[in-house]
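Next come the chains, spelled out residue by residue.
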Amino acid sequence: MAANMNRLDHRGQPSQRMQLRLQRGLHKDPSVLLSDVSVASSQEYAYLIRADIGGQDFWITFDTGSSDLWVVSSDCTNSDCQGITRYSSSSSSTLTLTDQPFKLTYLMGSVLGTVGTETVILGPYEISSQTFALANQTSGLGLSYTGNSGILGLSFPLAASIPVTSGIPVLNNLFAHFDDQHRFFAFKNVSYSDSSFTIGELDSSLTNDTSQFVFTPVFASTPDEYDFWKLPIQEITINSQVLPLSRSLVRGASSPIAVLDTGTTLILGPAGDVDAFWDAIGTGGSTKFDQQTKTWQVRCERAVDVRITLGNSDTAKEYPVHPEDVSWAKDEAQDGWCTGGIQANNGVDSADWLLGAVFLRNVYAIHQGKTSSNPPMIGLLNTTDPSTALAEFTSSRGSDPAPPPSMQRAGSSATEMRDTIATCVVCGVCGFLIGAIGIVIYWLRQRKRSQGQVHI
């Protein structure tokens, strides 16, 4: 399925903005396009975009943490597929199926199916013969809870499960028809009922000025090999106190690397760093680790000023996180406890951290494709004023009686502490073995000396 099979047609007069709607899911689970393309965010804070695939209408997750487009097939009958709109092959006259299998495993959940091509319409744009997958089986994705019928991946081809030799991802087909100046998409959650997603142009109701954004080249371990929309994390602070971060496990990175991922609800990071984060906030017993759910819980009224500094060291900028995104899902609180917006996950292979929807709600983000003069870039505009956010939080949740956060360790992260302890243990074992060997040698010498057979 060569790239030249994909034709992008414009359908009607575009508007400046796609409608984004942030909505709650029905059940708890433990222009860019220059036109109205509805997007919503469910209970899980996953952004949903409305798409027409083969003449059939779907809500699908728009995901900057993956690259493939797939939709649930009517052949999918497992529980994860129940209660959602499913694609019917018999209802389409433009579907072409192959015998190529499709398999994709996410951080949580997986999908199996078959690769094919279909006509895809997003807002005013129609892509002919777009490569996608029909999902015949899904697991652990909570589709029936969030109400989405699939995923639209908007990351780089290198991260795609469908190889480029079989077809070009949606984002590349879109970007190929925009000039350098307009080769970007932008998104912002304004409120639960009003959010924005555009391609090729900013939302004029938010800003028309790209100079307000701080742009950083997307991190790549190898030049020109991009997989996800990545930025360096220079610092995380809690009430102006610096949280020591573990060394990056990403090849070539001098500081921790984060993926901006609309398909992830929370902020996920290394367990040692996340534990230290909640330990610092937990003065006065205001945080606890739930052994049953393996998640950090925080008192719903706990008011803290958390900021994440992103970008290269010479251009880095800090972005405040609204206290409601640190202590979230208040309407589902149990006995005054809320779910922490930052949770541990050591299974992130593509980076050190994932910055999901609870962070992205605090910025207006531009994802700029590669141009003739620049590599792929991410532009961020801070939209959360920390003083206003704290006042809103206190008014909504009540006063916080707990003492201010306190860092228990200065200058070393939990991971580095474990490394130090491990080193001490190894040194202690080595010392014990050397001492034992010395004692044996001494005993043998004494024995030989008593026998008159000493040789030095």
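The rules behind these values
- Residues numbered from 1 in each chain as written.
- Predicted model: local features only at pLDDT ≥ 70, side-chain atom pairs only at ≥ 80, totals over all residues.
- Heavy atoms only, no water.
- Helix = DSSP H or I, 4+ residues; strand = E, 2+ residues; numbered from the N terminus.
- Buried < 20%, exposed > 50% of the residue type's maximum accessible area, 1.4 Å probe, protein only.
- Areas by Shrake-Rupley, 256 points an atom, 1.4 Å probe, with all protein chains shown as cover.
- 1 Å grid on protein atoms, 1.4 Å probe; cavity = no way out; pocket = protein on both sides within 12 Å on 5 of 7 lines; lining within 4 Å.
- Points joined across faces, edges and corners; volume = space filled by probe spheres on them.
- Nonpolar A, V, L, I, M, F, W, Y, C, P; charged D, E, K, R; others polar.
- Core = buried A, V, L, I, M, F, W, Y, C linked by side-chain atoms within 4.5 Å.
- Pairing = 2+ DSSP bridges.
- Contact = heavy atoms within 4.5 Å.
- Axes fitted to C-alpha atoms, helices over the stretch in contact; angles between N-to-C directions.
- Expected span 1.5 Å × (residues − 1).
- Arc of directions from axis to C-beta.
- Phe/Tyr/Trp six-rings, centres within 6.5 Å; stacked < 30°, edge-to-face > 60°.
- Disulfide = S-S within 2.5 Å.

The next point concerns the overall build of the chain. Each helix and strand counted, the chain has 7 helices and 27 strands in total. Counting across all 456 residues of the chain, residues that qualify as buried make up 52%. Approximately 20300 Å² of the chain is accessible, and the part contributed by carbon and sulfur atoms is 51%.

Let's shift gears to empty space enclosed by the protein. Approximately 70 Å³ is the volume attributed to the second largest cavity. In terms of lining, the second largest cavity is formed by Ser67, Asp68, Leu69, Gln130, Thr131, Ala160, Ile162, Gly167, Ile168, Pro169 and Val170. Looking at the lining of the second largest cavity residue by residue, the class counts come to 6 nonpolar, 4 polar and 1 charged.

What follows covers helix H3 (residues 271-281). Along H3, 9 of the 11 residues are buried, which leaves the element largely enclosed by surrounding structure. Where H3 is concerned, the buried positions are Ala271, Gly272, Asp273, Val274, Ala276, Phe277, Trp278, Ala280 and Ile281.

This part is about unusual backbone geometry. A positive phi angle is found at Ser129, which is not glycine, with a value near 55 degrees. Within the chain, Lys294 stands out as a residue other than glycine whose phi angle is a positive 60 degrees. Relative to the assigned elements, Lys294 resides in the loop between strand S18 (287-290) and strand S19 (295-299). Of the residues examined, Lys294 reaches a relative accessible area of 51% and is grouped as exposed.

Before going further, it helps to spend a moment on the nonpolar core. With 82 residues, the main nonpolar core has Phe185 and Phe359 as its most contacted residues. Tallying contributions element by element places H3 first for this core, with 6 residues.

Turning our eyes to something else, we now look at the sheet that holds strand S23 (residues 337-340). Two modes of strand pairing occur in sheets, parallel and antiparallel, and in both the strands are linked by backbone hydrogen bonds. With antiparallel pairing, the 4 strands of this open sheet are ordered in space as S18-S19-S23-S22. Where the open sheet ends on each side, the last strands, each with one partner, are S18 and strand S22 (327-328). Two elements, S19 and S23, share 3 bridges in a ladder whose sense is antiparallel. What sits directly across from Gln297, in S23, is Thr339. Against the sheet, H3 contacts S18, S19 and S23, and its axis sits at roughly 15 degrees relative to S19.

Moving on, we get to helix H6 (residues 386-397). Under the 1.5 Å per step criterion, the end-to-end length of H6 is 16 Å for 12 residues, consistent within 8% with the ideal 16 Å. Among all positions of H6, only Ala389, Phe393 and Arg397 are buried. Projected down its long axis, H6 carries its buried residues within an arc of 45 degrees, all on one side. Seen from the open side of H6, the exposed residues pointing more than 90 degrees away from its buried face are Ser387 and Ser395. Next to the buried residues of H6 lie helix H4 (323-326), S22 and S23. Following H6 by one or two positions, Gly398 has its phi on the positive side, about 100 degrees.

On to the packing of aromatic side chains. For the structure on display, the rule yields 15 aromatic pairs. Between the aromatic rings of Phe156 and Tyr226, the centroid separation amounts to 5.7 Å while the plane-to-plane angle is 35 degrees, which identifies the pairing as tilted. Highlighted residues: Phe156 in the loop between strand S10 (150-153) and helix H2 (170-175) and Tyr226 in the loop between strand S13 (214-217) and strand S14 (230-238), separated in sequence by 70 residues. Just as Phe156 is buried, Tyr226 falls in that class too. Between the aromatic rings of Phe156 and Trp229, the centroid separation amounts to 4.5 Å while the plane-to-plane angle is 40 degrees, which identifies the pairing as tilted.

Here we take up the state of the cysteines. Following the criterion strictly, the structure yields 2 disulfides and no others. Across the disulfide, Cys76 is cross-linked to Cys81 (sulfur-sulfur distance 1.8 Å). Classification of the bridge connecting Cys76 and Cys81 rests on its S-S torsion, roughly 55 degrees, and on that basis the disulfide is right-handed. As far as burial versus exposure is concerned, Cys76 and Cys81 are alike and both buried.

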